[in-house]
Structures are given as C-alpha cells and as structure tokens.
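Residue-level structure breakdown
Listed here are the chains, written in short residue letters.
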Amino acid sequence: MNITTWNVNSVRARLERVLAWIDAYQPDVLGLQELKCQDPELPVEAFRSRGYHVESLGQKTYNGVALLSKRPMTDVVRGFPNPDDPQARGISAVIDGVRVVNLYCPNGGDLDSDKYPYKLGWYDRLEMELRQWAGQPLVVCGDFNIAPADGDVWDPKRWEGQVLCSVPERERFQRLLDLGLTDSWRHFHKEPNVFTWWDYRGNGYALNQGLRIDHHLVTKDILARATDVTVDHEERGRPQASDHAPVTLHLRDR
DNA sequence: ATGGCGTCCGAGGGACGA
C-alpha cells in the first residue's frame, strides 16, 4: 500500500496536474491539502472514475483536506484535531486496518501574529488527540508546516528562529515523535537538503531553495512494513505546479 | 527588503501562504 501526501494549492486550479499524477503513479491512498473549495465543488467524479473512494472536508478559499483511497474507508473523522475549528485542516479514516490521518497544519504567519499561538495550540491539541490511535497501526501524513531540523532547510542561518523552523514549533514536532511515531523519510534517508516545498518567488525550485515540511509520521508496526519514502521533486518543476511536491510512503502488504 | 509568486474573491486590490 502506497500512501501519498500532497499539498496541491487549490485542487481546481491544479486538477489537470493532479489527475495526470494519479494516472502515472496510481497511489493506493492520496491525502490532499489546501483544496481551497467546498465539498460540492470538489471534482469527485474525476476521482471516482479512476477507482477512488473520496472523503473530504472542504472550505471556501482556504484550507480543505481530502482522502482518496482505492480501498474502502471506515471510521471517518472530519475536523481533526479540533472538531469545532472553522478551519478545515484534518480528516482521518481507517484503510485496510491502518488509521490514516491527513493534515494541513497551520502556517503560523509571523511569530508576532495571532496565527503563531494558534499553530502551537493546534499542535498541542493534535498531540492529545493522536494518543488514542498511537497504539495501533497509524500513519499521520500531511503538510506539517514544520521543518524538523536544520538539514531540512536550504539556508538554516537565514531561517533560524523563523516560522516553520522556530524552537517551539520543533518542540511540538518532537512531542509527536515522543508518542512513539517515526519521521519515516528521515528513517530511510540521512542526507540533508531534500525538500518538499519550494517558494514560487525568487526562482526557489531552480535554485533548490526549499524546506522539508511534508511528512509521514508512523508507528513502529507501520515502519516495519515500510520499504521507502520518496519525494517526486520533478513534479514541482512542471508547468502550473503546486509549490509542494507529492511525498509517498511505500508499504509492503501484510 | 512588508518584496519576489500564485490563488482566491470578485471586479480592484487585499488576504493568505511558507
């Protein structure tokens, strides 16, 4: 079972690219973030005709997440980790015995904005809510909006203390690992400077000025089934690309 | 560098992203 996470930065603006990528790579599970549309505007038929079940939590203009799965989804949770949050940032389902959580974690704005404490509080709630599933096969994937370490940042000095790299954010990320989860990409790859996001501005992709902020955190039983995690950085270089690349966790069947 | 680029909303520029 292959599980891909991809912040598409508007599913409607990106639909041609998303469908082409699905047709080429056939992920078993695809977690999408930043849909930027409400559920009725989601192009579900295009996904269903390709063999996917679709569960979504849409929102107008901002945020919005969806899970696409070739296998049936059960125990769907919409609105995670804060069920009352007006911002649509989390959806989860059980797929073939694996609890899959798909997240669009808050950006955090600037450190002195009210978006920053919102992000930290959101992570505190996430940690609390994930505890209920940490003892069973669990994959937490998505756009975390945190670069866990300096090796995940193209210019650590320039980014030091900035949002996505600040110490309180990295502490929140570590607390998720402390639940018994593993940063699966880092488990397989020790090299620095592999990124999943590159700024549209300043020719960021061509200069490989990026951050690794899209992750799969997994429990030990999932890690034992994992064979690799891959970043399709070429997708980022295609015309009308999202600023995030798709990232895929590859699992053996049980 | 309160910028660069891209998307949305809605009809002009502001909000937001990371």
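Criteria and cut-off values
Residues numbered from 1 in each chain as written. Chains lettered and ligands numbered in written order. Predicted model: local features only at pLDDT ≥ 70, side-chain atom pairs only at ≥ 80, totals over all residues. Heavy atoms only, no water. 1 Å grid on protein atoms, 1.4 Å probe; cavity = no way out; pocket = protein on both sides within 12 Å on 5 of 7 lines; lining within 4 Å. Points joined across faces, edges and corners; volume = space filled by probe spheres on them. Helix = DSSP H or I, 4+ residues; strand = E, 2+ residues; numbered from the N terminus. Nonpolar A, V, L, I, M, F, W, Y, C, P; charged D, E, K, R; others polar. Near = heavy atom within 4 Å. Polar contact = N/O pair within 3.5 Å; in protein donor to acceptor, adjacent residues only side chain to side chain.

Focus on the layout of surface pockets
One water molecule sets the probe size; rolling that probe over the atoms shows where empty space is left. Considered as a void within the structure, the largest pocket measures approximately 960 Å³ in volume. Lining the largest pocket we find 33 residues, and of these N107, V163, L164, W197 and R201 sit closest to its centre. Elements supplying a minimum of two residues to the lining of the largest pocket: α3 (115-130) and α4 (156-159). Here the residues of the lining of the largest pocket sort into 12 nonpolar, 12 polar and nine charged.

A word on the protein's contact with DNA strand B
The full set close to DNA strand B counts 23 residues, and S10, E34, Y104, N107 and R201 are the nearest of them. A share of 65% is what sugar and phosphate atoms reach among the atoms of DNA strand B within 4 Å of the protein. The separation between a phosphate oxygen of DNA strand B and a polar side-chain atom of S10 is 2.5 Å. Within the side chain of Y104, a nitrogen or oxygen atom sits 2.8 Å from a phosphate oxygen of DNA strand B. Taken together, the residues of the surface near DNA strand B sort by class into eight nonpolar, seven polar and eight charged.

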